[in-house]
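Tertiary structure, described
What follows is the residue order along each chain.
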Amino acid sequence: MPPQQRAPLGEGRPAARSRGQHQRRKRIISAAAALASRGGVEAMQMRTVAERAGVALGTLYRYFPSKMELVAAVVGEEIELLESSIERRPPHAATPAGRAADVLMRATRGLMREPELADALIRSLIIAEVDAPFGDRLAGLLLRVAGGGDDHPDGERFALAGSLAGVWMHELLEMLRGRRTYEQIQQRIEIAADRLLRDF
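What counts and how
Residues numbered from 1 in each chain as written. Predicted model: local features only at pLDDT ≥ 70, side-chain atom pairs only at ≥ 80, totals over all residues. Heavy atoms only, no water. Helix = DSSP H or I, 4+ residues; strand = E, 2+ residues; numbered from the N terminus. Contact = heavy atoms within 4.5 Å. Areas by Shrake-Rupley, 256 points an atom, 1.4 Å probe, with all protein chains shown as cover. Phe/Tyr/Trp six-rings, centres within 6.5 Å; stacked < 30°, edge-to-face > 60°. Lys NZ or Arg CZ within 6 Å of the ring centre and 35° of its normal. Core = buried A, V, L, I, M, F, W, Y, C linked by side-chain atoms within 4.5 Å. Buried < 20%, exposed > 50% of the residue type's maximum accessible area, 1.4 Å probe, protein only. Expected span 1.5 Å × (residues − 1). UniProt positions renumbered as here; feature names shortened; annotations may be inferred. Axes fitted to C-alpha atoms, helices over the stretch in contact; angles between N-to-C directions. Left-handed = near helix turned anticlockwise from the far one by under 90°. Nonpolar A, V, L, I, M, F, W, Y, C, P; charged D, E, K, R; others polar. Arc of directions from axis to C-beta.

On to the overall build of the chain. Helix and strand counts for the chain come out as nine helices and zero strands. Reading the secondary structure of the chain in the N-to-C direction produces α-α-α-α-α-α-α-α-α. Within the chain, contacts between residues at least 6 apart in sequence are counted, and of these 67% link residues at least 24 apart. For the chain, the computed accessible surface area is about 11,600 Å², with 48% contributed by carbon and sulfur atoms.

What follows is the structure, encoded as structure tokens:
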């Protein structure tokens, strides 16, 4: 039996491997998002993503067995960015509806900086069967800022927050199609938030 080769310092340690895997995964997601921001979901070809991320195609498929799982990961990254933004600068509106509307309009402004990416993600969530936590996580975030987000929110409150998130996704898609202005979206979101979260 040939003698075992010594692994480079730190490479065989679980923590080092885990950190390297995490960084590789983030690199893949960033590459996919960059491609989608220029050409939508159609630009997120797996081979192109792998080349841009500097990984082998087989490695990419180990992390993301399908293109739609990669799309879901990009969606997850976007909600993480929104959550971090809210933690740094919580909304200060006086009412639950006002705070929820503030979060959604902040998300709108963030996504509209890269409309191709926003269009790709929203269309993928609405049209494709993507197992992404975006809707539930956004609903949970709205509950927290509205003041109704304890560890075990009741089903009705969660459903109302989810409905508001759904209204926002539809309105954002309409704006991406040129059928809404930012001001119109803001007005509609504020009305929907006021009606849905009135009893929070």
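After that view, the rundown keeps rolling.
For the structure shown, the criterion picks out zero aromatic pairs. Across from the ring centre of Phe200, 4.8 Å away, lies the NZ or CZ of Arg157, which sits over that ring.

The next thing to look at is the nonpolar core. The nonpolar side chains of soluble globular proteins are, as a tendency, buried together. Within the largest apolar cluster, 58 residues are counted, with the highest numbers of intra-cluster contacts made by Val49, Leu138, Leu142 and Trp168. Every element with two or more residues in this core is listed here: α1 (14-39), α2 (46-53), α4 (67-88), α5 (96-112), α6 (115-127), α7 (134-146), α8 (155-176) and α9 (182-196). The residues contacting Leu138, other than those within four sequence positions of it, are Ile79, Leu82, Leu104, Ala165 and Trp168.

This brings us to α7. For α7, built from 13 residues, the straight-helix expectation of 18 Å at 1.5 Å per residue is met to within 8% by its first-to-last C-alpha distance of 18 Å. Every buried residue of α7 is listed here: Phe134, Leu138, Ala139, Gly140, Leu141, Leu142, Leu143, Val145 and Ala146. Gly147, located one to two residues past α7, shows a positive phi value of around 95°.

The next subject is the UniProt feature "DNA-binding region" (unreviewed entry) in the chain. UniProt tags residues 45-64 as "DNA-binding region" (unreviewed entry). As annotated, residues 45-64 has a helix share of 75% and a strand share of 0%, and its two end C-alpha atoms lie 12 Å apart.

With that out of the way, let us pick up the environment of Met105. With respect to the secondary-structure elements, Met105 resides in helix α5. Counting along the chain gives 67 residues from Met105 to Leu172, while the straight-line C-alpha distance between them is 9.9 Å. Residues within four places of Met105 in sequence aside, it is in contact with Tyr182, Ile185, Gln186 and Ile189.

At a minimum axis distance of 11 Å, the contact between α5 and α8 shows a crossing angle of 35°. The two elements α5 and α8 cross, and the hand of that crossing is right-handed. Together, Ala100, Leu104, Ala107, Thr108, Leu111 and Met112 of α5 and Leu164, Trp168, Leu172, Met175 and Leu176 of α8 make up the contact between the two elements. Grouping the amino acids of the contact of α5 with α8 by side-chain chemistry returns 10 nonpolar, one polar and no charged.

A few words on α9. The end-to-end C-alpha distance of α9, which contains 15 residues, comes to 21 Å, matching closely the 21 Å that a straight helix rising 1.5 Å per residue would cover. Along α9, the positions that sit buried rather than exposed are Ile185, Ile189, Ala192 and Ala193. Mapping the buried residues of α9 onto a view down its axis gives an arc of 100°, with all of them on the same face. Across α9 from its buried face, at more than 90 degrees, point the exposed residues Glu183 and Arg195.

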